[in-house]
Every structure is written in structure tokens, then in C-alpha cells.
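As a plain string of letters, each chain reads:
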Amino acid sequence: MKQYIEERAIEVANYIITSNATVRQTAKKFGISKSTVHKDVTERLSKINPGLALEARKVLDINKSERHIRGGLATRAKYVNMTHTNTRPTLY
């Protein structure tokens, strides 16, 4: 594996752990795809630093278990905001 990929995988994992970031937030921060973030943490990092991979995986598992709640809150906020501005969603 190339050196810069190993360094990125470690940097991505450290960011996830320190900021409790989601895969989407991490991908945006580093300018890489969500697939790359996931592969860095689940496959590449386990070969480089298994302990760090386990810690990062714990954070991602928590985020995954909570994502349906965050999605519901975002949808609710969207429609509450529409009610306050007297606009209706466009249905196609």
C-alpha cells in the first residue's frame, strides 16, 4: 500500500474519533468519497493499526445506529421551516 494512503487512513480515523464525525462529514472534510472513507477505516486501517481501526469503527457504528433519528429531525426541521415561511413543498 502506498505511503500517502496509509497516512490518509490514519488521519481519517483520528478525525472520526476526535470529532465523532460521520462518514459523510469526514468525506467532505478530506475531499474524498464516502466509499473511500469507509474502505480506509474498515479495510486498510485494520492492516495498519488494528487498535485505531477498532476505535474509529465504534464511532461509525454509533453514528450508523443514530442516523435514522438525525434524518427524522432534519425532515421535521425542514417542514417546520416551511410552515413558518408559508411555503409548501413542490410535489412532482
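An account of the accompanying structure is given in this report. Fair warning: this is a prediction, and the values are worked out from it, not measured in the lab. (Residues numbered from 1 in each chain as written. Predicted model: local features only at pLDDT ≥ 70, side-chain atom pairs only at ≥ 80, totals over all residues. Heavy atoms only, no water.)

1. Brief notes about the nonpolar core
Soluble, globular proteins show a tendency: their nonpolar side chains are buried together. Just so we agree on the cut-off: Throughout, nonpolar core names a set of buried Ala, Val, Leu, Ile, Met, Phe, Trp, Tyr and Cys residues whose side chains join them through atoms within 4.5 Å. For every residue, the accessible area (1.4 Å probe, protein chains only) is compared with the maximum for its type, and the residue is labelled buried under 20%, exposed over 50%, or partly exposed between those bounds. Numbering of helices and strands runs from the N terminus, with a helix taken as a DSSP run of H or I at least four residues long and a strand as a DSSP run of E at least two residues long. Only heavy atoms matter for contacts: two residues are in contact if any of them lie within 4.5 Å across the pair.
Within the largest apolar cluster, 14 residues are counted, with the highest numbers of intra-cluster contacts made by V12, A13, I16, V37, V41 and L45. Those elements that place two or more of their residues in this core are helix 1 (3-19), helix 3 (34-48) and helix 4 (50-84). With 5 residues, helix 4 is the single largest residue contributor to this core. Among all residues touching V37, those that are not within four sequence positions of it are V12, I16, V23, T26, A27 and I32.

2. As for the pattern of salt bridges
As a reminder, the rule being used: Throughout this description, the term salt bridge denotes a Lys or Arg side-chain nitrogen within 4 Å of a carboxyl oxygen of Asp or Glu.
Taken as a whole and judged by the stated rule, the model has 4 salt bridges. R57 is the partner of D61 in a salt bridge, and the nearest nitrogen-oxygen pair spans 3.2 Å. Within this pair, D61 and its partner R57 are both found in helix 4, separated by 4 residues, close to a single helical turn. By relative accessible area, R57 is classed as partly exposed at 27%. What you see here is one network of salt bridges that share partners, running through R8, D40 and R44.

3. As for the packing of aromatic side chains
We apply this condition: Aromatic pairing here means that ring centres of Phe, Tyr or Trp (its six-membered ring) are within 6.5 Å. Orientation follows from the plane angle: under 30 degrees is stacked, over 60 is edge-to-face, and everything else is tilted.
In total, this model carries 1 aromatic pair according to the counting rule given. Taken together, a centroid distance of 5.6 Å and an interplanar angle of 80° make the contact between Y15 and F30 edge-to-face. Remark: F30 occurs in helix 2 (residues 23-30) and Y15 occurs in helix 1; sequence separation between them is 15 residues. On the accessibility criterion, F30 (23% relative accessible area) is partly exposed.

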